[in-house]
Amino acid sequence: MFKLGLIVNPIAGMGGSVGLKGTDGTETLQMALQRGAVPSSPKRAAFVLEKLSSISDKFQLITCPGIMGEDIAKKCDIACEVLKMDVTDNTKPDHTRQAAGMLLQENVNLLLFVGGDGTARDLAAVVGEKHLCLGVPAGVKIHSSVFALSPSYAAEITGGLIRGRKARSRLAEVMDIDEDAFRAGEVKASLFGYLLVPGVERGLQVLKAGSPASESVRQQAIASYFVEEMNNDYLYLVGPGTTTRELLRKIGCEGTLLGVDALKGDQLIGEDLNENECLALIESFSGSGIRIVVTPIGGQGFIFGRGNQQLSPRVISKVGRDGIMILSTPGKLQALQGRPFRLDTGDPILDIKLTGFYRVYTGYRESTYYRVEN
Amino acid sequence: MKEPFIHPYIPNSDPEIQKEMLKDIGVTDIDDFFACIPDAQRYQGLLDLPKPYLSEVELKKHVYSIINKNTSAEELVSFLGGGCWQHHVPAICDEINSRSEFLTAYAGEPYEDHGRFQALFEYTSMMAELLDVDVVNVPTYDGSQAAATALRMACRITNRSRVIVVNTTAPDRLSVIKGYLYPDFEVIEIGHDPIIGLLDLAELENIVDETIGAVYFENPSYLGFIETQGQMISKAAHSCGALTVVYTDPSSLGILAPPSSYGADLTCGDIQPLGIHMFMGGGRGGFIGSPGDEKFIQEYPSRLFGIAPTTHGEWGFGDVAWERTSFANREDAKEFVGTAAALWGITAGVYLALMGPKGMRELGENCIKRANYAIKKMASIDNLKVPAIGKYFYKEFVVNFDETGKKVSDINDRLLERGILGGHDLSSSYPQLGQSALYCFTEIHSLDTIDRFVAELVSILKE
Amino acid sequence: MESAAYKDNKNFHQARWEEPVIFELSTPGERGIFLPTIEPEIEELAGDVFDQMPEGVIRADLPALPEMAQMRVLKHYLHLSQENLGADFNVDIGQGTCTMKYSPKINEHFVRSPKVADLHPLQDEKTMQGTLEILYQTEQFLKSISGLDRFTLQPGGGSQAILAIVSIIRAWVDAKGLADTKDEIITTIFSHPSNCAVAKVKGFKVITIYADPVTGRPDFQAFKEAVSERTAALLITNPEDIGIYNEHIQDFTDLVHAHGGLCSYDQANANGILGITRAKEANFDICFFNIHKSFSSPHGCGGPGSGVVGVKEHLIDYLPVPLISYDQRNERYYLDYDVPNSVGKIKDFYGIVPAIIRAYAWIMSLGARGLLEVARVSVLNNNYVMQKLLQMRGITAPYADGEKRIEQVRFSFEKLKEETGCGFSDVQRRICDFACHIWSSHEPFIIPEPFTIEPTESYSKKELDQYLSAIEQIIEEAYTDPDLVKKAPHNSVIHHVAEHEYLDDPELWAITWRMYQKKYDGYFIRIGVK
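Keep in mind that this is a model prediction, so the values were computed, not measured.

Asks: What should I look at first to understand the domain arrangement of chain C in this one?
Replies: A common way to report how large an interface is uses the accessible area buried once the components associate. Domain boundaries in chain C define domain 1 (17-82), domain 2 (148-363), domain 3 (368-486) and domain 4 (499-530). Computed over C-alpha atoms, the centres of domain 1 of chain C and domain 4 of chain C are 28 Å apart.

Asks: I would appreciate a short explanation of the pattern of salt bridges in the present structure.
Replies: Note that side chains of opposite charge can pair when their charged atoms are close. Applying the stated criterion to the full structure yields 74 salt bridges over all chains. Its salt-bridge partner being Arg418(B), residue Glu456(B) comes within 2.8 Å of it at the nearest N-O pair. Of this pair, Glu456(B) sits in helix H14 (residues 447-462) while Arg418(B) is found in the loop between helix H13 (408-417) and strand E12 (420-421), placing the two residues 38 residues apart along the sequence. The class for Arg418(B) is partly exposed, based on a relative accessible area of 29%. Residue Arg376(C) is joined to Glu373(C) by a salt bridge in which the shortest nitrogen-to-oxygen separation is 3.3 Å. With Arg376(C) and Glu373(C) both in helix H11 (residues 353-389), this residue pair falls three residues apart, about one helical turn. Glu373(C) gets classed as buried once you look at its relative accessible area, which sits at 1%.

Asks: How do you make sense of the domain arrangement of chain B when you look at a structure like this?
Replies: Residue and element names in this part refer to chain B. When its domains are assigned, chain B resolves into domain 1 (11-61), domain 2 (77-85 + 358-462) and domain 3 (91-351). Of note, the centres of domain 2 and domain 3, computed from C-alpha atoms alone, are 28 Å apart. Counting residues at the interface gives 27 residues for domain 2 and 32 residues for domain 3. Between domain 2 and domain 3, roughly 2,300 Å² of surface is buried when both sides are summed, and carbon and sulfur atoms account for 65% of that area. Inspection of the region where domain 2 meets domain 3 yields one salt bridge. A salt bridge links Lys395 to Asp249; the nearest nitrogen and oxygen atoms lie 2.6 Å apart. Counting every contact that joins domain 2 to domain 3 gives eleven residue pairs in polar contact (both at pLDDT 80 or more). Sorting the residues of the side of domain 2 that touches domain 3 by element identifies helix H12 (342-379) and strand E11 (396-400) as the ones contributing at least two each. Of all the elements, H12 adds the most residues to the side of domain 2 that touches domain 3, at six residues. In terms of residue class, the side of domain 2 that touches domain 3 is made up of 15 nonpolar, seven polar and five charged.

Asks: I'm lost on empty space enclosed by the protein in this one. Help?
Replies: Rolled over the atoms, a probe as big as a water molecule pinpoints where empty space is left. Residues and elements named next belong to chain B. Scanning the entire structure with this criterion turns up ten cavities of 30 Å³ or more. Looking at the largest cavity, its volume works out to about 130 Å³. Forming the boundary of the largest cavity are 15 residues, of which Trp85, Pro220, Ser221, Tyr222 and Glu396 lie nearest the centre. Classifying every residue of the lining of the largest cavity gives five nonpolar, five polar and five charged.

Asks: Explanation requested: the sheet that holds strand E6 (residues 243-248) of chain B in the structure shown.
Replies: Pairing between the strands of a sheet comes from backbone hydrogen bonds, and it takes one of two forms, parallel or antiparallel. Residue and element names in this part refer to chain B. As summarised here, the arrangement of the seven strands in space is E2-E8-E7-E6-E5-E3-E4, forming an open sheet in which the pairing is mixed. Edge positions in the sheet fall to strand E2 (135-136) and strand E4 (186-190), since each of these pairs with one other strand and no more. Where E6 and strand E7 (residues 266-270) come together, four bridges link them in parallel fashion. Following the sheet pairing, Val246 is matched in E7 by Thr267. With respect to the sheet, helix H7 (residues 171-181) is in contact with strand E3 (162-166), E4, strand E5 (212-218) and E6, its orientation differing from that of E4 by roughly 150°.

Asks: How should I be thinking about the layout of surface pockets in this particular structure?
Replies: When its volume is computed, the second largest pocket comes out at roughly 900 Å³. Lining the second largest pocket we find 35 residues, and of these His424(B), Asp425(B), Leu122(C), Gln123(C) and Tyr350(C) sit closest to its centre. Put simply, the parts of the chain that give the lining of the second largest pocket at least two residues each are H7, H13, E12 and strand E13 (424-425) of chain B together with strand E9 (332-336) of chain C. Considering every element that reaches the lining of the second largest pocket, the biggest residue donor is H13(B), with four residues. The residue inventory of the lining of the second largest pocket, partitioned by class, reads 14 nonpolar, twelve polar and nine charged.

Asks: Help me out: how do you make sense of the interface of chain C and chain B in this one?
Replies: Across the boundary between the two partners, chain C contributes 205 residues, which contact 202 residues of chain B. Taken together, both faces of the contact between chain C and chain B bury some 18,500 Å²; the carbon and sulfur share is 65%. Across the pair Lys347(C) and Asp142(B) runs a salt bridge, and its minimum N-O distance is 3.0 Å. For the pair chain C and chain B, the interface holds 102 residue pairs in polar contact (both at pLDDT 80 or more).

Asks: How should the packing of H11(C) against helix H14 (residues 461-480) of chain C be read in this particular structure?
Replies: For any two helices packed against each other, the geometry comes down to the angle between their axes and how far apart the axes lie. All names here are of chain C. Closest axis-to-axis distance for the H11/H14 pair is 11 Å, and the angle between their directions is 30°. By the angle class used here, H11 and H14 are roughly parallel. Crossing handedness for the pair H11 and H14: right-handed. Residues Asn381, Tyr384, Val385, Lys388 and Leu389 of H11 form the contact with H14, whose own contacting residues are Lys461, Leu464, Asp465, Leu468 and Ile471.

Asks: Explain the state of the cysteines here, please?
Replies: The term disulfide refers to a covalent linkage connecting the sulfur atoms of a pair of cysteines. All names here are of chain C. Enumeration according to the criterion identifies zero disulfides over all chains in this entry. Cys98 takes part in no disulfide bond, and the closest cysteine sulfur, belonging to Cys301, lies 13 Å away. For Cys98, a relative accessible area of 5% puts it in the buried group. With no disulfide of its own, Cys263 lies closest to Cys287 among cysteine sulfurs, the gap being 13 Å.

Asks: What should I look at first to understand the packing of aromatic side chains in this one?
Replies: Both the distance between ring centres and the angle between the ring planes are used here to describe each pair of aromatic rings. A full pass over the atoms with the stated rule returns 47 aromatic pairs over all chains. A centroid spacing of 5.0 Å and a plane angle of 55° characterise the contact between Phe341(A) and Tyr370(A), whose relative ring orientation is tilted. One end of the pair, Phe341(A), is in strand E14 (residues 341-343); the other, Tyr370(A), is in strand E16 (residues 366-373), with 29 residues separating them in the sequence. With respect to class, Phe341(A) is no different from Tyr370(A); both count as buried. Their ring planes at 20° and their centres at 6.3 Å tell us that Phe151(C) and Phe289(C) sit as a pair that is stacked. One end of the pair, Phe151(C), is in strand E1 (residues 150-152); the other, Phe289(C), is in strand E6 (residues 286-290), and 138 residues separate them in sequence. The exposure class of Phe151(C) is buried, given its relative accessible area of 1%.

Rules used in this analysis
Residues numbered from 1 in each chain as written. Chains lettered and ligands numbered in written order. Predicted model: local features only at pLDDT ≥ 70, side-chain atom pairs only at ≥ 80, totals over all residues. Heavy atoms only, no water. Domains from an automatic or database assignment. Salt bridge = Lys/Arg side-chain N within 4 Å of Asp/Glu carboxyl O. Helix = DSSP H or I, 4+ residues; strand = E, 2+ residues; numbered from the N terminus. Buried < 20%, exposed > 50% of the residue type's maximum accessible area, 1.4 Å probe, protein only. Contact = heavy atoms within 4.5 Å. Buried area = accessible area lost by both parts, 1.4 Å probe. Polar contact = N/O pair within 3.5 Å; in protein donor to acceptor, adjacent residues only side chain to side chain. Nonpolar A, V, L, I, M, F, W, Y, C, P; charged D, E, K, R; others polar. 1 Å grid on protein atoms, 1.4 Å probe; cavity = no way out; pocket = protein on both sides within 12 Å on 5 of 7 lines; lining within 4 Å. Points joined across faces, edges and corners; volume = space filled by probe spheres on them. Pairing = 2+ DSSP bridges. Axes fitted to C-alpha atoms, helices over the stretch in contact; angles between N-to-C directions. Parallel < 35°, antiparallel > 145°, perpendicular 65-115°, else oblique. Left-handed = near helix turned anticlockwise from the far one by under 90°. Disulfide = S-S within 2.5 Å. Phe/Tyr/Trp six-rings, centres within 6.5 Å; stacked < 30°, edge-to-face > 60°.

What follows is the structure in structure tokens.
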């Protein structure tokens, strides 16, 4: 019997309708409620459950008490098992994390969650990359690629999995936004982590990047090309991302998914380095060249500034424009729909200097030249 | 504004219709659509082409006036083989592949084009039985392409970059293979026994090692003899982790054991003998057969059709593992997919269905017995060395004319004067065989035909 | 007065025979055709040939092919043919890039004539002068159409033509001693995937240029960055599959030439520019045509097609052998193997002879003025259809807003998907119910929910309107009754193949009947799995 876990973040998405951007923090939530905001995520959760009600005999629903799931299941007339936790009307991120942990224990086949980037972040913190999850979008901040394009897509994917469709999964980025900056009108998302999500059905583009099978195989192909062209006398500072991780794996190392690792030949000579450690390495390096290897992060295609701030303006300046190597699967390029890669190093003058075309490695012996703009 | 040119093939060539449509678009002249093409790139005037025959009766007369300069193998008596063979083409094969439903279809879905998917699934399924394998592809361009692709597949599967190929391989096929494998893969040729033609097993065992991805041979050989060392060749290949790739003649597999029975991992060849006219070498289709393991299936660059259920319990079909073909997914480019030979695949399916198990057995018997009868008859002619190479034969064999003092080309000229196309002249492609010719006998060569030919040949040699 | 049925095929139903898989029709003992009996004299002299053969040479069993009487085989395949929608049967403008034009039946006459079909390739050339003359003359036509100097007719299709081309580029690079320097080939994202794939097969690294998001032309700025002394060649199509002509093409070819590289013109999209522009004027060194597209040879369910490759004089020595040449002195055509640096053979024998003969006849029935009209009308038809489609809800034509196109357009149903939940694949299944095809795009799908329409010159205005009304009908349904579209097809040969895992999951897929039998018992009931 398919075990479906469900977590509903009831306050996600309330801000948007009343002109607030997100509902993180109790103050903002209060403001939203004062402005007359109505929770939208329970409606979206209900939509999905209703679409699944025709196959309710094929799955067992395990969810949170009260407004975090149980109430919605009851309204949709779907039997459910309720997790033993306390949920008050004033739900907090802690509740999401607690529920996630408990559903992990229950070994659910899919952890469906309804919310926004904040909810995704809470899940990533607990679940990590090991368990299949899927987000139903119900927040204003949807920058993570762990969400289906819409509640009906979420229902389609979930229904398929319940009916026995084999899930090919991939790691999808969980982003989070600098809240205050966002309210001030600036979008500054940052890579927080990754979740394992189910993939794309043929002919049905439900998640924004390409099909996961070809995505991960593509990443390996890029890694193969990189290794073929590598100079063993160079120092490579390898930024975060799943594409860059494949690169390290190809060489036989296991770097850090979210950190900057240093590579020379087939050895990792530094892991999860901060800015100063990067600079120190560069200073003391005696080989014939230094390279920075990055991959675009987040749906907006940022190659600097959205989760690899360790590669600071000082580090980049020391390496130089010509030392920047970009890896990107074609799926990520296509998702940009012709828009350029972006950068936000933190130094606006450096950003301007770095704009222009870069060679981007896209597959085995395949590359393109793509624009980077500030 | 151009002079109107109205033509039966161009419904909207009438100026009135064009005016109507242009009005709908809001444009005054068709030339406006080409305004985006700069003058430097515009071709001025009309193309340099002959005056057309606009009426069908004139066109027919003109084209037949040229076609009638041909004399086909069917009008003569032909013993030509060499990879393209004259077998009987059943009337029903022509009937089905001239049906416009199949002839003019292309890339529709497995709904409105269900017929083609089912016909091709049935073709691959029947070939699978003939080859005794689990997977067969939708046809590629021809046997040589199939061989070249099979060798690249083997290298991808074993992750190696060298292949061993026996040097009796058909010269043109070897050229295709070498071209296709260059530059990423190395082709090493090994020798054969000059008397019985078989692959030099000792040389093979000597040079095969862990750098070899595939060992390739042909059975029956291009030179007509049956390679009887299949088991041992496979053993040598497998002992080093290499795959065995065998090129075969599907018309022989009703009587000869299929390559999978003596260790072949990949079986390839051309379906031309299965109901396809020769078309001067323009009617060909390549097949690759393999076991059903995923590691083989993932390496096919061709389309593979699978069977699937529909919402209403019917037989449905579709492409298996489609993404395998759309991207160069793995390190090594998974070659390419293009428009190849689907109609011939359907035709071969019709042929196999008509023949059935007994028909294929009888076809094989006809070929073997007629060829071997011809060998015996020709062996009794003075100054001929028959067979010139090899011990056991399917439908072809080499005849050596050195001791007659005559050249094959002269003998063939004399035969042609008598309405006979003699065997293919091997003297330039296999100089070590001297003045030799490759003779082919199939089910179309009756006792009478063979006897009369022998008599003519005897008389020519006396001149 | 026209019937309602004519206007929109609303009552169309494709033949549905629920035809069993052929093995299910097998009846032991039935025979489809007889072979000649072996005469006693042959038996006597050669009958013992099996006894002498070593063990393992003769097949121990009979192959498990179906056993069916002749008329049953015919009936089965005729049923299947009725379940197939050939171009002759429908307004086949929905298979964009494929150029589904009329294949004149008189040309089938020529090709089926025994004097064409029953020639053996190794016959004495004296006996093949007819076909050789046609091949030679067709080459002369192609030289006029392209402006280039010599053609090979050998490749079996467009992708194999690309193989021939990249093999020539490889040989040329090697001959110049530049194999270490010139290891890159540049192509565009809208080019056929075979361009990239074949380049890699021949050991090149590929740089792909994306399209400018506004104009749709390949991004020249990006291209400038990509070209260097490492560039061996540019492989490009013009107009590209989205139907937009790149007027700056000469800037592209000039730049590659300035860096010592070659330029090759993929002319799969020649239909809209015959007699209008040529490879020569755009400064290409190499080009190829698909005979089964622009030159009317039928598509045969996926082949045989034919790809012919033309080159400028300086590359003639690399062409595959044999070429077809004419000996003035002896007034005969012959197979010419005298090609000093030939890449050898790309395929068995000489090429897809029946396709070339059809091309010959087609060109001879139209002439120069006819080919020009083919181009003009296919472009007129295309812009007419584009005009009408863009007036419908849910459809956009990304790139080059407001510009006219050449012979095809790639549209998007993304808006329809967003507004109704019905996307391309749903429309594709529903349009079968109207006796039509519609095709999306080559991978990758740069344009979301893509569909590509190429009317060609072969369909009348009324027929174009018929196709348009089918699309309009389906769009209406998407907005008012989306389930009807999503659950399609309803009037086709079979219903929806909804469970794709039977084609994607290695444990479930069955590529042959025997594989199916090994895994399933009855209708998709797994053997040995609960």
